[in-house]
Amino acid sequence: VASIGSSFGDRNNITAAKIWLEEYNTEAEKVRPEAQEASWTWNTNITDYNNRLKLEAEKKKSEFDKRSYNQTLNWDWKNFTEINAKRQFYKIADIGESVLPTDKFQQITKAKSNMQSVYSKARVCNKPGDQDPSKCYPLNPTLENIMAKSTDWKELAWAWEGWRNETGRKMPDDYEKFVELANEAAGMNGYTDNGDYWRSWYETENFEKQMEELFIGLKDLYKLLHAYARKKLKERFVGHPFPDSGQIPAHLLGNMWAQSWGNLFTLLAPYPGKPLDVTEMMREQNYTTRKMFDLSEKFFTDLGLDPMPPKFYNDSMLDKPEDGRDVVCHASAWDFYNRKDFRIKQCTQVTMDWLITTHHEMGHVQYFLQYKDQPVVFRRGANPGFHEAIGDVLALSVSTPKHLKKINLLRPNQNPDDEELQLNFLMNQALKKIAFIPFGYLIDQWRWKVFKGETKKDEYNEDWWNLRCKHQGVSPPVQRFNTDFDAGSKFHVPNNTPYIRYFVSYVIQFQFHKALCKEAGHNGPLHKCDIDQSTEAGNKLAAMMKLGSSKEWPDAMEAITGQRKMNVSDLIEYFAPLEDWLKKEVKNETLGWDDQCGRIWGNGMRTKSIFIAIYIIFH
Ligand SMILES: C[C@H](N[C@H](C(=O)O)[C@@H]1CCCN1C(=O)[C@@H](N)CC(=O)O)C(=O)N1CCC[C@H]1C(=O)O
Ligand SMILES: [Zn+2]
């Protein structure tokens, strides 16, 4: 293959270059599946042996990437006039961490594996009230269920603090190593730091500024929801300390990271007498994991999109194994880059939350299927946010009372057009979509500063809580120290998955929803739209997904919405009826919070040693 370049000698011979691109794709469709398969084996059975195989396969892929990069130097591709070929070369040459010399590549892969292993194996013991203090509990399903259902402050604080002790606190050294090597790789690839590299995938001038403007556009809506939740939580936890600075203690919001407040629906529904208890309905109908997937797949195929390949169900891991092996339970979708193997790995529980997650992961697989005939380097989202939005767009339709009625997940005595039920539905959506906005925004605000070197290791936790207190308006329920590393308690940090993509997704999915609803001929309020069975909408979505990352994302945005920018106006339109209701509900409340969390609860970022020293002196 290398000879093609030299034999033609002419660095601008586009014909020869295209032959080389074909060769690259053929080889990439062998090397990548091997690396994915080894990663899958480890993710579905975490052992040292499988870890060694994974490292070996990743090393082999990095060597292929390095070789390919060197071969791109045979061509003057930056001056090619054929845009498609030029874009392929640009992406082939962008080899990320593979650029590191082998020993450093091994180090960064090892550091990541260590953190992923700690996160996925973590268990929390000493549960209050347990006879046997040595009994230990995993995040999925136990701690997740406690965070979702418990109203016992102490039990919630135990799960919240215990999870952080067993995950983040064990990662700072590996994380620091990862940051150092990721930045070194980014530098070798011509970026200022790893955050600069991650942001380059959006191909957008002043991307950080654009994100900040979108966030500012949504702040007022979030403050209304936050003030309402705080008011109701103070009633539920009367007598317990809420900081004077206005934040909500982070363990009270129904989720381990306070990123989705849907589990507070029974507390926060405007009309509690009209529940949306889909989970109960699923259980009464003996829903299985497979039935959840069949439901989701049918929504896709009724839009005229692709069914799952036959192998999909055989090869996927859709339930938590019961043979005691350690697995990475966190849900994910896998493209094996051979046009044949596509899988989902998740530890499904029969709940509405998990029905939504199932649609989310199935959205990824649908995207994989739609762009599978693109060159390998174009088998990505138009930008990472697009990939995150597909499943969620469909879930916006599935979640409507109208659709729930259609699939018999609405109580028979409930009328989907009842305005009070509709307001409950909007609240349910707000607790997932509006509540998420600051969280989706702040994770990479924190990481970009770490990659820039503005946040040193001994400031990791202080800066994390500065952002959580300032942007999300949540505070730690127990004292935090610089020996804690709470960012590491969130999957995507040890797993090194960028996060701004979810913030982007939560904005653009409402733009897509608006456009597809119009295509489907919907009239009336946006939140009542269900695009189910609209092949016109399906065709638009498919046409966009088929592009993969072969075009810059504004072209893909235009293919669906007819315009080329991200904006929050459709999200705000969707929630307008609820916004009016919230304004009335919180008119006597102080909206917002101080930038800093109150001293009482948790911004006393002292190293533990000072406290211990004081304790010794006075005792
Ligand atoms: C549950 C979901 N799991 C991720 C996802 O599906 O995005 C997994 C883990 C990280 C990447 N990933 C993938 O599957 C990728 N291979 C997809 C791709 O191909 O790009 C997740 O983490 N979510 C969903 C809502 C917000 C966020 C959260 O739960 O915080
Ligand atoms: Zn996703």
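Fair warning: this is a prediction, and the values are worked out from it, not measured in the lab.

This part covers the overall build of the protein chain. Counting its secondary structure elements, the protein chain contains 25 helices and 4 strands. Burial analysis of the protein chain (619 residues in total) assigns 59% to the buried set. Considering only contacts within the protein chain whose residues lie at least 6 apart along the sequence, 77% involve residues at least 24 apart. Within the structure as shown, the protein chain displays about 24,900 Å² of accessible surface, and the carbon and sulfur contribution to it stands at 50%. A gap of 1 Å separates the mean positions of the 82 positive and 85 negative side-chain charges of the protein chain.

Taken together, H360 (NE2), H364 (NE2) and E388 (OE) make up the full set of protein donors to the zinc ion (ligand 2), lying 1.9 to 2.0 Å away. Donor residues for the zinc ion (ligand 2) sit on one chain with the sequence pattern H-x3-H-x23-E. With H360 and H364 both in helix 15 (residues 352-370) and 4 residues apart, the pair spans about one turn of that helix. Summarising the burial analysis for this pair, H360 and H364 share the class buried.

We now examine the site of ligand 1. The environment of ligand 1 is made up of 16 residues, and the closest members are H330, A331, K490, Y499 and Y502. Within the side chain of E361, an N or O atom sits 2.8 Å from an oxygen atom of ligand 1. Here Y502 contributes a side-chain N or O atom positioned 2.7 Å from an oxygen atom of ligand 1. Of all the secondary-structure elements, those providing two or more residues to the shell around ligand 1 are strand 2 (332-335) and helix 15.

Moving on, we get to the packing of aromatic side chains. All chains considered together, the criterion is met by 49 aromatic pairs. With a centroid separation of 6.4 Å and 55 degrees between ring planes, the pair formed by W75 and F89 is classed as tilted. Of this pair, W75 sits in the loop between helix 3 (48-72) and helix 4 (83-92) while F89 sits in helix 4; the two residues are 14 residues apart in sequence, bridging distant segments of the chain. The exposure class of W75 is buried, given its relative accessible area of 3%. Members of the aromatic cluster, joined through ring pairs, are Y175, F178, W198, W446, F451, Y460, W464 and F485. Directly above the aromatic system of W160 lies the positively charged group of R164, at a separation of 4.0 Å from the ring centroid.

For the rest of this paragraph, the subject is the environment of L404. Within the fold, L404 resides in helix 17 (residues 401-406). Between the alpha carbons of L404 and L276 there is a distance of 9.5 Å; along the sequence they are 128 residues apart.

Criteria and thresholds
Residues numbered from 1 in each chain as written. Chains lettered and ligands numbered in written order. Predicted model: local features only at pLDDT ≥ 70, side-chain atom pairs only at ≥ 80, totals over all residues. Heavy atoms only, no water. Helix = DSSP H or I, 4+ residues; strand = E, 2+ residues; numbered from the N terminus. Buried < 20%, exposed > 50% of the residue type's maximum accessible area, 1.4 Å probe, protein only. Contact = heavy atoms within 4.5 Å. Areas by Shrake-Rupley, 256 points an atom, 1.4 Å probe, with all protein chains shown as cover. Lys, Arg positive; Asp, Glu negative; His and termini not counted. Charge placed at Lys NZ, Arg CZ, Asp CG, Glu CD. Donors = N, O, S within 2.8 Å, 3.2 Å for Na, K, Ca; no water. Near = heavy atom within 4 Å. Polar contact = N/O pair within 3.5 Å; in protein donor to acceptor, adjacent residues only side chain to side chain. Phe/Tyr/Trp six-rings, centres within 6.5 Å; stacked < 30°, edge-to-face > 60°. Lys NZ or Arg CZ within 6 Å of the ring centre and 35° of its normal.

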